[in-house]
Amino acid sequence: MTNDVHAAAMAAAAAIPPAWPLASSVAVNPWLGQTDEGLAMASARMARAAGIAMTLDRSWYLDRIASGAINDADLAAALAAAQGWHPASVAALKAAAAEPAPAPVATATVADLAAEASGIDWPAIIADRFGRWAADWFDQGQALWAAPRGRCAYAAWRAMALHDLTPEILGLRGFAAMVAAAPENAPDALVQASARLGITADAMHSCFHRALSTLGGWGHAARYLQWQANLAGGDDSTITDFLAIRLLWESALLDQYQPLIGPQWQAALAAHAAPITPTAAQSVDAILQDAAERAAQREIAACLAGDAAGRPAETPLVQMAFCIDVRSEVFRRALESVNPAIQTLGFAGFFGLGTSHQRLGSDVAEHRLPVLLNAGLTTRAGGAADQAADTARRLDVRVTRAWARFKLAAVSSFAFVEAAGPSYLLKLVRDAVGMAASPAGDDPAPRPEPALTLATRAGMAESVLRAMSLASGFAPLVVLAGHGANVVNNPHASGLHCGACGGYSGEVNARLLASLLNSPDVRIALRERGIVIPHATRFIGALHDTTTDDIRLFDADLETAVDVSQLRQWLAAATVLARTERALRLPRAHGPASIVRRSRDWAETRPEWGLAGCKAFIAAPRFRTRGRALAGRAFLHDYEWEKDTDFGVLELIMTAPVVVASWISLQYYGSSVAPALFGGGNKLLHNVVGGFGVVEGNGGTIRTGLPWQSVHDGTSLMHEPLRLTVCIEAPREAMTAILARHPGVAALFDNRWLHLFALDEAGRMAWRYYGHSQWEPAEAQAQPAACPDLAA
């Protein structure tokens, strides 16, 4: 019994996605634990565990069928590719789609049954009591009176619950005594609660998954702790502690309401023990979703099918490397239109340098790299010459924090409002008129600490340049642009920063790489490795502000000044073009000037759209996509397979940037189709809890995922929930071999959480990955004469 309970608890924990804290939030695939099964099966599982659908209402698909956006060929192809039961024909599929889909209903918990029997809202009471305790336990310094540390989650909760009379006041008799009699460690408590609830081995995984799902964001936060511990080679028991706590509530309620709900609970256990099988409705919805994605793929194919710009014949005046983030696509296209002699490139925004970084005046280690990886080096802002500035920054932070605590303290807070309130009038006026800003990138240039050997630096430089397909043909000026967002009054600001930098802005990594490539001894070492950087070439770090489309150059980092006045003019012109294009999609935006005002407006819930609308990932030479109207909806990664002799770069792309992009795409998908569980809720109701997350109102479960305002404009969705289409110009055999070595990545494609296409020698989407190492020719389709606007 004990082994069964432990195995089922670990499996249920793995079904819960992690959620990163607000300071470094990154996009996460909400179905991370279901990638080994297809959409229909995952829909059946999540309906049982959480009562959510995994596709939009059928009216969304019917509207597109009626308009012709989804045509009969798309429906027929989706039918032919369907796994499991499916309608017999396109006509039967349309008829089924016209019928309303039944709303998913989660299997009842004891708390649900007890609430129905007693009229007391026990699920809400549990959410409130658990949430108030968990907010203290997760606190990262926001609380004035911190909860005691040094105990596991279960022990900390048990110590609190022994003295919490609220459950008994609300009607749960003897709850504190039951907690006192419970085992002192979570594993034993979990075994005991499972036995008292009568959970059999075949029902455990499903029942445990349901229990964790009721915790909402708290379960996701606990899963994050486990994820981080696993990444470091250890483990963390918080999420299984939470499971034990939740089941103790269940067993206490069952003890009290057994005569009223006993048969219903046995029926629920039988439902948990039954095999999970998609319903006909869930199968139809999965097919409709696939058809919508095939329709989108026709648009992408049309964009890529026209005549390409061709490889640049001459060395460009400037090369500017951006993150592959879809927001960079708009600016790259604008910059290339300002001067065709400028070449832009796309690469992961951490620029291949995964660093644990300490900012000036801080001892906090910021992990500026994809959350899938461990940091390969440590860096610090500034050096010995910046010691005075470091000390001043630390003093400023301490004074600010002390003043903030004084304002909120139990006694001083009352007198503070009366005495100092009027002095805040100027600040209120300044913030209200948009004069406040949150500048990024003000630190001195980063440096490795400890210093790296020449061999290490040369190896890092070579790896990055080859991964960027930039081992030759250097321009006189090469700009490496990380990106970040400049917004105010936004707890989710880090979600607008660079996901490849762990939710931080990307200027640290860009400046670090520029410094590395400007080093004379590194260049000499690179020459011996076959990479010759001209003596006159200079690398400059930069920061692309995705909210305003401003570009900040860190040319002061150079030891010898370089004239960048002409470059600044080109960038300024591109900024106007990019702002103009983006203003067309933003509510209440009236031209380029309003874009800047929005970033400083503390009441603006939509300062930018982030990555809403993302639908494609393209790894190919830039000339394949240059000038294409991709409308800021495609991740663009430069890749030339002919230069990748052992396909090591291809393997890196498919196992890192593609996976990160899939997390982003699926988080936007989840926040659009299942906002109740995987969405961040309404920004207007948010309160920050513990510095870790947000709640709606004054308590309850934390909300993870994207706020509703990030995917919806108040009238309609601004993000089409489509699984990402990945297009790579590389031999199919090489991609198949890579997938065979990485079963976790292969599962994403085999089960169609991602779609994979191979581009041919003309850059067309020629082959579709069918799954399980099989390819098929992409559907022959009549291509429009011009590339459609993918933002439509």
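Residues numbered from 1 in each chain as written. Predicted model: local features only at pLDDT ≥ 70, side-chain atom pairs only at ≥ 80, totals over all residues. Heavy atoms only, no water.

*Asks:* I tried to follow the sheet that holds strand 18 (residues 765-771) on my own but got confused; where do I start?
*Replies:* Within a sheet, neighbouring strands are paired by backbone hydrogen bonds and run either parallel or antiparallel to one another. In space, the 6 strands of this open sheet follow the order 11-10-16-17-18-19, with mixed pairing throughout. In this open sheet, the two edge strands, each paired with only one partner strand, are strand 11 (634-638) and strand 19 (774-777). Direction aside, the axes of adjacent strands within the sheet are offset by 25 degrees on average. (Pairing = 2+ DSSP bridges. Helix = DSSP H or I, 4+ residues; strand = E, 2+ residues; numbered from the N terminus. Axes fitted to C-alpha atoms, helices over the stretch in contact; angles between N-to-C directions.)

*Asks:* I keep staring at helix 1 (residues 2-14) and nothing clicks. Help me out?
*Replies:* Helical geometry note: an α-helix holds 3.6 residues per turn, so side chains three or four residues apart project in the same direction. Between its first and last C-alpha atoms helix 1 spans 18 Å; for 13 residues at 1.5 Å apiece the expected length is 18 Å, and the two agree. Along helix 1, the positions that sit buried rather than exposed are Val 5, Ala 8, Ala 9, Ala 12 and Ala 13. Along the long axis of helix 1, the arc covered by the buried residues comes to 135 degrees, so they all point the same way. For helix 1, exposure combined with an orientation more than 90 degrees from the buried face picks out Asn 3 and His 6. Contacts from the buried residues of helix 1 go to helix 11 (186-197), helix 12 (201-213), helix 13 (217-231) and helix 14 (238-273). (Expected span 1.5 Å × (residues − 1). Buried < 20%, exposed > 50% of the residue type's maximum accessible area, 1.4 Å probe, protein only. Arc of directions from axis to C-beta. Contact = heavy atoms within 4.5 Å.)

*Asks:* Looking at this model, I keep getting lost on unusual backbone geometry. Mind explaining?
*Replies:* In the segment running from Glu 449 into Pro 450, the intervening peptide bond is cis, with an omega of 5 degrees. Here Ser 469, not a glycine, exhibits a phi torsion of approximately 55 degrees, which is positive. Structurally, Ser 469 is set in the loop between helix 20 (454-467) and strand 7 (477-484). Here Ser 469 falls in the buried class, since its relative accessible area comes to 12%. Non-glycine residue Arg 752 carries a positive phi angle of around 65 degrees. Considering the arrangement of structural elements, one finds Arg 752 in the loop between helix 29 (743-750) and strand 17 (755-759). Given the relative accessible area of 14%, Arg 752 is considered buried.

*Asks:* Please clarify how the packing of aromatic side chains should be interpreted in this entry.
*Replies:* Each aromatic ring pair is characterised by the separation of its centres together with the angle its planes make. The full count for this structure, using the stated rule, is 26 aromatic pairs. With 5.8 Å between their ring centres and 70 degrees between their planes, Trp 133 and Phe 242 make a pair best called edge-to-face. On the criterion of sequence distance, the pair formed by Trp 133 in helix 7 (residues 122-137) and Phe 242 in helix 14 is long-range, its members being 109 residues apart. Ring centres of Tyr 769 and Trp 775 lie 5.3 Å apart, and the angle between their planes is 75 degrees; this geometry places the pair in the edge-to-face category. Among the residues examined, Trp 775 registers a relative accessible area of 16% and is labelled buried. Positioned above the aromatic ring of Trp 767, the side-chain terminus of Arg 732 is 3.8 Å from the ring centre. Its end group placed over the ring of Tyr 770, Arg 752 keeps NZ or CZ at 5.9 Å from the ring centre. (Phe/Tyr/Trp six-rings, centres within 6.5 Å; stacked < 30°, edge-to-face > 60°. Lys NZ or Arg CZ within 6 Å of the ring centre and 35° of its normal.)

Everything listed is a geometric property; what it means functionally is a separate question.
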